[in-house]
Each structure stands twice: as structure tokens, then as C-alpha cells.
Amino acid sequence: MVIITGRGISGVQPIDLARGFQLHGDRARSLQALQIARQVSPQQTRYHPHVRETVITLAEQDRRRSETLAGFARWANIKI
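Owing to the predicted nature of the structure, the values given are computational and were not obtained by experimental measurement. (Residues numbered from 1 in each chain as written. Predicted model: local features only at pLDDT ≥ 70, side-chain atom pairs only at ≥ 80, totals over all residues. Heavy atoms only, no water.)

1. Points about the nonpolar core
If you look at soluble globular proteins, the nonpolar side chains tend to sit buried side by side.
Reasoning step 1: Membership of the largest hydrophobic core comes to 17 residues, with the highest contact counts inside it found for Leu34, Val51, Val55, Leu69 and Phe72.
Reasoning step 2: Sorting the residues of this core by element identifies α1 (12-23), α2 (27-40), α4 (49-61) and α5 (67-75) as the ones contributing at least two each.
Reasoning step 3: Apart from residues lying up to four places away in sequence, valine 51 is in contact with Ile15, Leu34, Thr45, Phe72 and Ile78. (Core = buried A, V, L, I, M, F, W, Y, C linked by side-chain atoms within 4.5 Å. Buried < 20%, exposed > 50% of the residue type's maximum accessible area, 1.4 Å probe, protein only. Helix = DSSP H or I, 4+ residues; strand = E, 2+ residues; numbered from the N terminus. Contact = heavy atoms within 4.5 Å.)

2. Quick notes on the packing of aromatic side chains
Reasoning step 1: Considering all chains together, one arrives at 1 aromatic pair under this definition.
Reasoning step 2: Measuring from ring centre to ring centre gives 5.4 Å for phenylalanine 72 and tryptophan 75, while their planes differ by 50°; the resulting arrangement is tilted. Here phenylalanine 72 pairs with tryptophan 75, and both are found in helix α5, just 3 residues apart, close to one helical turn. Each member of the pair, phenylalanine 72 as well as tryptophan 75, is classed as buried.
Reasoning step 3: The cationic tip of arginine 46 hangs over the ring face of tryptophan 75; the distance from NZ or CZ to the ring centre is 4.4 Å. (Phe/Tyr/Trp six-rings, centres within 6.5 Å; stacked < 30°, edge-to-face > 60°. Lys NZ or Arg CZ within 6 Å of the ring centre and 35° of its normal.)

3. Focus: the side chain of threonine 54
Reasoning step 1: Mapped onto the elements, threonine 54 comes out in helix α4.
Reasoning step 2: When near neighbours in sequence (up to four residues on either side) are disregarded, threonine 54 contacts Ala18, Arg19, Gln22, Ser30 and Leu34.

4. Focus: the packing of α2 against α5
Reasoning step 1: For the pair α2 and α5, interaxial distance at closest approach is 11 Å and the crossing angle is 35°. Here α2 runs over α5; the crossing is left-handed. Packed against α2, whose contacting residues are Leu31, Leu34, Gln35 and Arg38, the element α5 presents Thr68, Leu69, Phe72 and Trp75 at the interface.
Reasoning step 2: Classifying every residue of the contact of α2 with α5 by side-chain character gives 5 nonpolar, 2 polar and 1 charged. (Axes fitted to C-alpha atoms, helices over the stretch in contact; angles between N-to-C directions. Left-handed = near helix turned anticlockwise from the far one by under 90°. Nonpolar A, V, L, I, M, F, W, Y, C, P; charged D, E, K, R; others polar.)

5. Some points on the environment of alanine 33
Reasoning step 1: Along the chain, alanine 33 turns up in helix α2.
Reasoning step 2: A relative accessible area of 0% places alanine 33 in the buried class.
Reasoning step 3: In the structure, alanine 33 is positioned 16 residues away from leucine 17 in sequence and 6.4 Å away in space, judged by C-alpha atoms.

Take a look at the structure:
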């Protein structure tokens, strides 16, 4: 089990983790990693192409679109 925290990491690490979690079907941890990336490096997270791909894919997989994911997508200016 991978535990991610906001200490001592760069902005790209949680983005990469989010993408990996999403590819393995772990949507909850993927969104958690995106939230951490947002805390660590908001501007980089907002404009990173992998974040956009991950959020769009998560939204496509989750037809009900959780409020947390929808809120993150709004913050990142991603239309889902």
C-alpha cells in the first residue's frame, strides 16, 4: 500500500501517482493524489497535461461524477 503525504515531495510526484492509480482502477487514491498535488504546487497541477488527462478519464469512468471530482475539475478549468 502506498501512502502519500504532502511533505517533502515535488508537484510532479503526486501527479504521476494519480495517473498510476487511475490506470490501475483506484479512483479514490487517484483523486487523493491530485488533491495533494494541488496543495504542493497549485499552478503546476492546474496546467499539467497529465492532470487534465487523468481528470477527464476519471470523469468518464465515474458517470455520476462525484462532487469532489467535479469540484477539482472546476478548479482546474476542465470541462467534464
